[in-house]
Amino acid sequence: ADVSVRAVSDEAAKAAAEAAAAKREAEKKAARADITSNLKNSKDLSVEAFVTAEIAGINATNIALVQAELLALPEEARADISEILKVARKYEIVGNIGSDRITSLQSNSFIEIGLIPATSKNKVALVAAIRKLPASARDTYAEIKAAIDAESAKIKTRNELLAAIISRNAQRSLR
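Read on for an overview of the structure. (Residues numbered from 1 in each chain as written. Predicted model: local features only at pLDDT ≥ 70, side-chain atom pairs only at ≥ 80, totals over all residues. Heavy atoms only, no water.)

### Comments concerning the overall build of the protein
Alright, step 1. Broken down by element type, the protein carries eight helices and zero strands.
Alright, step 2. Overall, the protein shows an N-to-C arrangement of helices and strands of α-α-α-α-α-α-α-α.
Alright, step 3. The C-alpha radius of gyration computed for the protein amounts to 25 Å, which surpasses the reference 16 Å derived for 175 residues by more than 25%, pointing to a less compact arrangement than a globule.
Alright, step 4. Seen through its principal axes, the protein has C-alpha atoms that stretch 100 × 50 × 30 Å.
Alright, step 5. Within the protein, the proportion of its 175 residues that are buried is 29%.
Alright, step 6. Considering only contacts within the protein whose residues lie at least 6 apart along the sequence, 47% involve residues at least 24 apart.
Alright, step 7. Carbon and sulfur atoms form 56% of the exposed surface of the protein, whose accessible area is close to 11,100 Å².
Alright, step 8. For the protein, the distance from the average position of its 26 positive side-chain charges to the average position of its 23 negative side-chain charges is 12 Å. (Helix = DSSP H or I, 4+ residues; strand = E, 2+ residues; numbered from the N terminus. Rg over C-alpha atoms; globule rule 2.2 N^0.38 Å. Buried < 20%, exposed > 50% of the residue type's maximum accessible area, 1.4 Å probe, protein only. Contact = heavy atoms within 4.5 Å. Areas by Shrake-Rupley, 256 points an atom, 1.4 Å probe, with all protein chains shown as cover. Lys, Arg positive; Asp, Glu negative; His and termini not counted. Charge placed at Lys NZ, Arg CZ, Asp CG, Glu CD.)

Have a look at this one:
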């Protein structure tokens, strides 16, 4: 009798969990549809809509930037949830870079959102340079991009100087 009561209880718990998951999924889909509808009609978006839609990276400090970037997309892209997820992912990564979680980020995250070119030979050095910056100097995409561009210019200058020294030494050894 004890085993059958436990089996019925487990079955009821499983059914309740499945019903809760189905309800969450329905709310998520409705919130995502609401976001795309608001974008199509150029209406304001809310942080709560993104939370309900289970789209990470959007908060009260960046909602205006996110909305501006989403509204700048072509009209057909605004209706595509994958495009919205890409923009949200960008802000999620920028938020991580601007936080104390920077130490756990790899260069792939920077490449994913276009901060570092995939073909760059200096990915590790560029990420290391960003990690050294104070959080206030790496809390927006523009600040991070400017810091990466500045570090890239330093690396390029060093490489050019090294090439000049190597060339000069080669010239001397030929004499």
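Next, the rest of the story.
### A closer look at the environment of Ile-55
Alright, step 1. With respect to the helices, strands and loops of the structure, Ile-55 is situated in the loop between α2 (47-52) and α3 (63-72).
Alright, step 2. Among the residues examined, Ile-55 registers a relative accessible area of 6% and is labelled buried.
Alright, step 3. Remark: the alpha-carbon pair of Ile-55 and Thr-103, spanning 48 residues in sequence, is separated by 23 Å.
Alright, step 4. Setting aside its immediate chain neighbours within four residues, Ile-55 contacts Arg-32, Ile-35, Phe-50, Ile-81, Ile-84, Leu-85 and Ala-88.

### Some words on helix α8 (residues 141-174)
Alright, step 1. For α8, with 34 residues, the first-to-last C-alpha span of 49 Å sits near the 50 Å given by 1.5 Å per residue.
Alright, step 2. Those residues of α8 that fall on the buried side of the exposure criterion are Ile-144, Ile-148, Glu-151 and Ile-155.
Alright, step 3. Buried residues along α8 sit in contact with α5 (81-97), α6 (107-112) and α7 (123-132). (Expected span 1.5 Å × (residues − 1).)

### Regarding the environment of Ala-31
Alright, step 1. Take Ala-31: it is sitting in helix α1 (residues 2-40).
Alright, step 2. Taking the C-alpha atoms as reference, Ala-31 lies 31 Å from Ile-144; in sequence the two are 113 residues apart.
Alright, step 3. Filtering out sequence-adjacent residues up to four positions away, Ala-31 remains in contact with Ala-49, Thr-52 and Ala-53.

### Points about unusual backbone geometry
Alright, step 1. In this structure, Ser-42 is a non-glycine residue whose phi angle is positive, near 55 degrees.
Alright, step 2. Topologically, Ser-42 is positioned in the loop between α1 and α2.
Alright, step 3. In this structure, Glu-54 takes a positive phi of about 55 degrees despite not being glycine.
Alright, step 4. Residue placement: Glu-54 occurs in the loop between α2 and α3.

### Some thoughts on the side chain of Arg-138
Alright, step 1. With respect to the element layout, Arg-138 can be found in the loop between α7 and α8.
Alright, step 2. Here Arg-138 occupies a buried position and makes no salt bridge, while the nearest side chain of opposite charge, Asp-100, is found at 7.8 Å.
Alright, step 3. Beyond its immediate sequence surroundings of up to four residues, Arg-138 is in contact with Val-94, Ile-97, Gly-98, Ser-99, Ile-102, Ile-130, Arg-131, Leu-133, Glu-143 and Ile-144. (Salt bridge = Lys/Arg side-chain N within 4 Å of Asp/Glu carboxyl O.)

### Overview of the nonpolar core
Alright, step 1. With 19 residues, the main nonpolar core has Ile-35, Leu-45, Phe-50, Ile-55, Val-66, Leu-70 and Ile-84 as its most contacted residues.
Alright, step 2. For this core, the secondary-structure elements that each account for two or more residues are α1, α2, α3 and α5.
Alright, step 3. The residues contacting Ile-84, other than those within four sequence positions of it, are Ile-35, Thr-36, Leu-39, Phe-50, Ile-55, Leu-70 and Arg-78.
Alright, step 4. Within the second largest apolar cluster, 15 residues are counted, among which are Ile-93, Val-94, Phe-110 and Ile-113. (Core = buried A, V, L, I, M, F, W, Y, C linked by side-chain atoms within 4.5 Å.)

### Focus: the pattern of salt bridges
Alright, step 1. On inspection of all chains with the given rule, the structure shows 10 salt bridges.
Alright, step 2. The salt bridge partner of Arg-158 is Glu-151, with a shortest N-O separation of 3.6 Å.
Alright, step 3. The exposure class assigned to Glu-151 is buried, which follows from its relative accessible area of 16%.

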